[in-house]
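Now for the letters of each chain:
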Amino acid sequence: MNVNQSAPPVPPFGQPQPVYPGYHQSSYGGQPGSTAAPTPYGAYNGPVPGYQQTPPPGVSRAPASSGAPPASTAQGPCGQTAYGQFGQGDVQNGPSSGVQMQRLPGSQPFASAPLAPVVSQPAVLQPYGPPPTSAQVTAQLAGMQISGAVAPAPPASGLGYGSPTSLASASGSFPNSGLYGSYPQGQAPPLGQGHPGAQPPQRSVPPQASSFTPPASGGPRMPSMTGPLLPGQSFGGPPVSQPNHVSSPPPQALPPGTQMTGPPGPPPPMHSSQQPGYQLQQNGSFGPARGPQSNYGSPYPGAATFGSQPGPPQPLPPKRLDPDAIPSPIQVIEDDRNNRGSEPFVTGVRGQVPPLVTTNFLVKDQGNASPRYIRCTSYNIPCTSDMAKQAQVPLAAVIKPLARLPPEEASPYVVDHGESGPLRCNRCKAYMCPFMQFVEGGRRFQCCFCSCINDVPPQYFQHLDHTGKRVDAYDRPELSLGSYEFLATVDYCKNNKFPIPPAFIFMIDVSYNAVRSGLVRLLCEELKSLLDFLPREGGAEESAIRVGFVTYNKVLHFYNVKSSLAQPQMMVVSDVGDMFVPLLDGFLVNVSESRAVITSLLDQIPEMFADTRETETVFAPVVQAGMEALKAAECAGKLFLFHTSLPIAEAPGKLKNRDDRKLINTDKEKTLFQPQSGAYQTLAKECVAQGCCVDLFLFPNQYVDVATLSVVPQLTGGSVYKYACFQVENDQERFLSDLRRDVQKVVGFDAVMRVRTSTGIRAVDFFGAFYMSNTTDVELAGLDGDKTVTVEFKHDDRLNEENGALLQCALLYTSCAGQRRLRIHNLALNCCTQLADLYRNCETDTLINYMAKFAYRGVLSSPVKTVRDTLITQCAQILACYRKNCASPSSAGQLILPECMKLLPVYLNCVLKSEVLQPGAEVTTDDRAYVRQLVTSMDVAETNVFFYPRLLPLTKSPIENTTEPPAVRASEERLSNGDIYLLENGLNLFLWVGASVQQGVVQSLFGVSSFSQITSGLSVLPVLDNLLSKKVRGLIDSLRAQRSRYMKLIVVKQEDKLEMLFKHFLVEDKSLSGGASYVDFLCHMHKEIRQLLS
Ligand SMILES: [Zn+2]
């Protein structure tokens, strides 16, 4: 049996949680959400309004309907497009395919590029010297050919004092044009890093930073400002071409928030609003323990202005830009791990920025939801929409309602209020939570979201202590924890009936390609054992989920697998235009009862279709059939579709090949991402209404139109997996691993999610895999523990610092055992009147997650170039606003980045050069559509590593050292040809072998005697009995275990053809598809900021 163990034995509740006598905590045996039926908490039988399932009609959030399909182009067979085999999420390598790795001329390592300065001015460090001469500026601007609009000068606002770190300016050039033109680089920007200090009184500031006069006695001197001089103080512009940024659109303006004048809420019972001081800020990467940014490689001249005499400008010779002198993702990650990895993150304090997603930390729920459930772009929200518009920092939360937790953390407790159901505010329907304020001796409570005063039902009454807190607050999860669950009453169920357990239907393509590749046989064999591992609730002996089976090509075959039958029976439906389910009794069965018949069926299917000549398939009728079967059984459930080809057979949802690479970089490029038929959205809507989630496994040999086929999974909360050119021998490990995980996943079915906010902000936009039939309710036919929903907020009133801002995410869902539940997550954020507070409490990883999703949705409706430009402009505006309002005065020639956002440029650049926004020649249309929909549901950790891969040196540290080696920056110049590296981004995994690796290492790892004997493209390392081999294989296993999808290994040899593929992931370098290097992009970003400020 090679099936993964589904759930470890359920441990006792040995959690660091307070004891709650009177109700039970759900068990969490590795599968949160799969919880034991709790015993009722007690009888609280007050009438509570039921869940309002009849929202007003609103805007459908379905993707834009398809445009006219473009003329189809000849579709290459499998293997014609190299990227299809090797690309994102589709690593299907084999040595023989190396010949297809033809790409554009190789990238120039940044280090070896010729230095060709255009402007021959020496770079001078100008911390507080005169601003650059107009000649310099002119040269820069002319050289860059930037037509960026200048942002209107925002009103002088809160001025945070920052002490910048500056780097010298330098000269360089961008001599060459890429695909999209070029801008010669006049002068690389000096780089600084601003540290907003403690809050001084608000001052007016001239619109131009360069003319700012430092205060005579400014804010407090920052300890980190006085660091020693560091290496790499200057740089010169890198002479690589920068084709990506030609012009900038007008500044993007957020639509004005609706001004509503609702009554401001009274202060909710907030935890003491600790305004974290400087020491606690900056994502923990900036505490007192932390010295100056070591990687900035620059002095901190700005420190001198903090009430002290400025240091003299230090002239520096022009040099090449030192990559060590610009913000390093590796350093930031390391610092956060060191500073915040040792102590648990306690959620009792409002507005705390959690540790980075790359840091291992434990969470203690003391009233706010764990960052594993909710992460925000900022934990301190501007009080007014004007401030928010000025900063342009998106206010968004990335919510993962059913996130899996590490074993050390307890799953949410389940609270049962009996027939009365959960207690809610009568007006806004928010659920009881720790922020509700009890008044009048406990007889009433005031809603923290809408201020409505509600009666406390008699059975829920409890006395208050002298602080106004209920004396039972710590005995009740809903009064003391950020996350918990309520058992739902029948009022929360469809048709006022408790749901019956969901069903899984396996729908297997048995056309020629599926049979020939070995897929059908492999899948049927696997299902025989996998069916024993269907998700189950904590204590249950077996899963409550029933299963059914369908095979199909141009017609559908339903199977009766009733336990009383000696053999399965097949029923064929050939009228795919009018799909119906030919049998009800015996189609959905309990696995253990029908095991013999199911096994027989799975044995027979590969034989029955072994000689098929049928190459055509249908698709939409298959989904329709599964959905109708669930409807007939009156249950929710999930369809597992295994599909191989473009559905060209005559049937509803028939598709044609409309792939056309010529559309790339035209205004019609967006059509490549749009579905070609509206029928799929209609179908998806029906699925959502039924609670029918669709997971799609694709095995294409050529174009299958992922953009269209993924519509149904996308709108039903399902997943898409793609295995291009699937061959059992190469790909079975990856496919089976994904399948096992997918089938065993705990899923919430027939779910509705609503995010409520306190007065002042409201949720206005949503991103993810779901459907919306109105503007507030996120409908999810299924939701698993990997999926996130990103929510953007806008102001609709003024917030205030005292009350902060509250979020409550409520997810109503049906568990795997058919129990109707509500999962509640609460989060309190701070509000600020000083922009510096916003910038000090941002989280760049979450910001990038939001921006990537925003951009990836944008390509459905806008030219890709416009989307890229919009991102760049927004980033420039964010940073320019900081520079203008928060950073300490300094030369305009300095680039000053907020501490919390110093990685924004490097990460944003990775998004800009991702295959969706800037495809290389080898990236297929399907690859782009696939990645686009994958990113839509990713959490922050996933987007972080997806856009900036991890590169781990394997042979640098002593072999005995078993801890994960520290990563290095994703750049070719970080590779040493005497070493071996692993690179992973959550979807792909490479083992890069330097050409000069010691023979002993080669022998230990590959079992061959020399580098030349290593098989390029190898996907499995030999199992050898030595320390290095065990260590590397162990590390690979550990990396795979951390990710939600199996990463197939590809061994890449230095100077080998496959190396081109590998280099695509060295994201700090210039990419072959024209993406800028990090250094170039930083220079460009600096230009944009200067334009906005001038
Ligand atoms: Zn309310």
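Residues numbered from 1 in each chain as written. Predicted model: local features only at pLDDT ≥ 70, side-chain atom pairs only at ≥ 80, totals over all residues. Heavy atoms only, no water.

**Thoughts on the overall build of the protein**
So, step 1. In terms of helices and strands, the protein carries 23 helices and 31 strands.
So, step 2. Scored against the burial criterion, the 1094 residues of the protein give a buried share of 64%.
So, step 3. Accessible surface computed for the protein: about 35,900 Å², of which carbon and sulfur atoms make up 54%. (Helix = DSSP H or I, 4+ residues; strand = E, 2+ residues; numbered from the N terminus. Buried < 20%, exposed > 50% of the residue type's maximum accessible area, 1.4 Å probe, protein only. Areas by Shrake-Rupley, 256 points an atom, 1.4 Å probe, with all protein chains shown as cover.)

**Concerning the pairing of strand β25 (residues 805-814)**
So, step 1. Counting buried positions over the 10 residues of β25 gives 10, a clear majority of the element.
So, step 2. What you see with β25 is no split at all: Ala805, Leu807, Cys809, Leu811 and Tyr813 on one side and Leu806, Gln808, Ala810, Leu812 and Thr814 on the other are buried throughout.
So, step 3. Summarising the sheet, strand β21 (residues 747-757) and β25 pair through 7 bridges and their orientation is antiparallel. Each residue of the ladder has a partner; that of Arg754, found in β25, is Ala810.
So, step 4. Relative to strand β26 (residues 820-832), β25 is paired through 10 bridges, and the arrangement is antiparallel. Looking across to β26, one finds that Thr814 is bridged to Arg820.
So, step 5. Linking β25 back to β26 in an antiparallel pair, the connection comprises 5 residues, with Gly818 at a positive phi of about 90 degrees. (Pairing = 2+ DSSP bridges.)

**A look at helix α8 (residues 595-608)**
So, step 1. Counted at 1.5 Å a residue, the expected span for α8 with its 14 residues is 20 Å, and the 20 Å between its end C-alpha atoms agrees.
So, step 2. Residues of α8 that are buried sit in contact with α7 (519-530), β15 (546-552) and β16 (556-560). (Expected span 1.5 Å × (residues − 1). Contact = heavy atoms within 4.5 Å.)

**What about the environment of Asp926?**
So, step 1. By the secondary structure assignment, Asp926 is in helix α18 (residues 925-936).
So, step 2. A relative accessible area of 6% places Asp926 in the buried class.
So, step 3. Those residues in contact with Asp926 that sit more than four places away from it in its chain are Gln702, Tyr703, Val704, Asp705, Val706 and Lys722.
So, step 4. Within the structure, Asp926 has its side chain in polar contact with the backbone nitrogen of Asp705 (distance 3.3 Å). (Polar contact = N/O pair within 3.5 Å; in protein donor to acceptor, adjacent residues only side chain to side chain.)

**Notes on the environment of Thr866**
So, step 1. Here Thr866 shows up in helix α16 (residues 864-885).
So, step 2. With 199 residues separating them along the chain, Thr866 and Asp667 place their C-alpha atoms 9.6 Å apart.

**Some thoughts on the nonpolar core**
So, step 1. Core analysis: the largest hydrophobic core is formed by 149 residues, its most contacted members being Leu556, Phe558, Tyr839, Leu917, Leu982, Leu991 and Phe1006.
So, step 2. When residues of this core are assigned to their parent elements, the largest contribution, 11 residues, is made by α16.
So, step 3. Phe504, Val520, Ile598 and Phe749 belong to the second-largest nonpolar core, a separate cluster that totals 44 residues. (Core = buried A, V, L, I, M, F, W, Y, C linked by side-chain atoms within 4.5 Å.)

**Re the pairing of β21**
So, step 1. Buried residues dominate β21, accounting for 11 of its 11 residues.
So, step 2. Bridge analysis of β21 against strand β23 (residues 778-784) gives 6 bridges, and the strand direction is antiparallel. Bridge pairing links Met753 to Val778 in β23.

**A few points about the coordination of the zinc ion**
So, step 1. Surrounding the zinc ion are the protein donor atoms Cys425 (SG), Cys428 (SG), Cys447 (SG) and Cys450 (SG), at 2.2 to 2.3 Å.
So, step 2. Geometry at the zinc ion is tetrahedral, judged from its 4 donor atoms and the angles of 101 to 115 degrees they form at the metal.
So, step 3. Summarised as a motif, the one-chain spacing of the donors to the zinc ion is C-x2-C-x18-C-x2-C. Taken together, the positions of Cys425 in the loop between β9 (414-415) and β10 (437-439) and Cys450 in the loop between β11 (444-446) and β12 (453-455) put the pair 25 residues apart, joining distant regions of the chain.
So, step 4. Residue class for Cys450 comes out buried when judged on its relative accessible area of 11%. (Donors = N, O, S within 2.8 Å, 3.2 Å for Na, K, Ca; no water. Tetrahedral: all angles 85-135°; square planar, octahedral: opposite > 155°, others 65-115°.)

**Describing unusual backbone geometry**
So, step 1. The backbone phi angle of Glu440 is positive, close to 50 degrees, even though this residue is not glycine.
So, step 2. Among the secondary structure elements, Glu440 is positioned in the loop between β10 and β11.
So, step 3. Taking relative accessible area as the criterion, Glu440 reaches 44% and is therefore assigned partly exposed.

**As for the sheet that holds strand β28 (residues 950-953)**
So, step 1. As summarised here, the arrangement of the 4 strands in space is β28-β29-β30-β31, forming an open sheet in which the pairing is mixed. Since the sheet does not close on itself, it has two edges, and those belong to β28 and β31 (1048-1053), each with one partner. Each neighbouring strand pair of the sheet contributes to a mean axis angle of 20 degrees, computed without reference to strand direction.
So, step 2. Alignment of β28 against strand β29 (residues 980-984), held across 4 bridges, turns out to be antiparallel. Note that in β29 the partner of Leu951 across the bridge is Leu983. (Axes fitted to C-alpha atoms, helices over the stretch in contact; angles between N-to-C directions.)

**Concerning the sheet that holds β12**
So, step 1. As summarised here, the arrangement of the 3 strands in space is β10-β11-β12, forming an open sheet in which the pairing is antiparallel. Looking along the sheet, the strands with just one partner apiece sit at the ends: β10 and β12. Ignoring strand direction, the axes of neighbouring strands in this sheet form an average angle of 35 degrees.
So, step 2. As paired strands, β10 and β11 are joined by 3 bridges and run antiparallel to one another. Bridge assignment links Val439 to a residue of β11, and that residue is Arg444.

**Focus on the packing of aromatic side chains**
Each pair of aromatic rings is reported with the distance of its centres and the angle of its planes.
So, step 1. Inspection of the entire model under this criterion finds 30 aromatic pairs.
So, step 2. Considering the side-chain rings of Phe697 and Phe735, the 5.9 Å spacing of their centres and the 80 degrees angle between planes classify their relative orientation as edge-to-face. In this pair, Phe697 is assigned in strand β19 (residues 692-698) and Phe735 in helix α13 (residues 728-744), connecting sequence segments 38 residues apart.
So, step 3. Overall, the relative accessible area of 0% leaves Phe735 in the buried class.
So, step 4. Where Tyr723 meets Phe735, the ring centres are 5.5 Å apart and the plane angle is 75 degrees; that geometry is what we call edge-to-face. In this pair, Tyr723 is assigned in the loop between β20 (720-722) and α13 and Phe735 in helix α13, connecting sequence segments 12 residues apart. Comparing Tyr723 with Phe735, the two get one shared label, buried.
So, step 5. What links up through ring pairs into an aromatic cluster is the set Phe642, Phe697, Phe699, Tyr721, Tyr723, Phe726 and Phe735.
So, step 6. Its guanidinium or amino end placed over the ring of Phe361, Arg372 lies 5.1 Å from that ring's centre, counting from NZ or CZ.
So, step 7. Across from the ring centre of Phe1011, 4.9 Å away, lies the NZ or CZ of Lys1053, which sits over that ring. (Phe/Tyr/Trp six-rings, centres within 6.5 Å; stacked < 30°, edge-to-face > 60°. Lys NZ or Arg CZ within 6 Å of the ring centre and 35° of its normal.)

**Section: the environment of Gln808**
So, step 1. Counting through the fold element by element, Gln808 comes out in strand β25.
So, step 2. For the pair Gln808 and Ala828, spaced 20 residues apart in sequence, the C-alpha to C-alpha distance is 8.8 Å.
So, step 3. In contact with Gln808, not counting residues within four places along its chain, are Ala430, Tyr431, Met432, Cys433, Phe449, Tyr484, Arg754, Val755, Arg756, Ile824, His825 and Asn826.

**Here's the deal with helix α9 (residues 620-632)**
Residues that lie three or four places apart on an α-helix share one face, since the helix turns once every 3.6 residues.
So, step 1. Over its 13 residues, α9 extends 18 Å from the first C-alpha to the last, a length consistent with the 18 Å expected when each residue adds 1.5 Å.
So, step 2. Just past α9, the residue Glu634 takes up positive phi, approximately 55 degrees.

**Regarding a nonpolar patch on the surface**
So, step 1. On the surface, a cluster of nonpolar side chains totalling about 250 Å² of accessible area is made up of Met570, Val572 and Met608.
So, step 2. Along the chain, the position of Val572 falls in strand β17 (residues 569-573). (Patch = residues over 30% accessible without salt bridge, like charges linked within 9 Å, V, L, I, M, F, W, Y side chains within 5 Å. Salt bridge = Lys/Arg side-chain N within 4 Å of Asp/Glu carboxyl O.)

**A look at the confidence of the model for the protein**
So, step 1. With 71% of its residues at a pLDDT of at least 70, the protein reaches an overall mean of 77.
So, step 2. Counting interchain partners and residues more than four positions distant, the pLDDT-below-50 stretch residues 1-77 has 214 contacts.
So, step 3. When the criterion is pLDDT under 50, residues 79-319 qualifies, and its contacts beyond four places in sequence or with other chains add up to 660 contacts. (pLDDT = per-residue confidence, 0-100.)

**Let's talk about the pattern of salt bridges**
So, step 1. Counted under the stated rule, the structure contains 49 salt bridges.
So, step 2. Its salt-bridge partner being Asp1025, residue Lys1030 comes within 2.9 Å of it at the nearest N-O pair.
So, step 3. Judged by relative accessible area, which is 45%, Lys1030 ranks as partly exposed.
So, step 4. By sharing partners, the salt bridges in this structure join Arg404, Arg741, Asp742, Lys745, Asp784, Asp786 and Lys787 into a single network.

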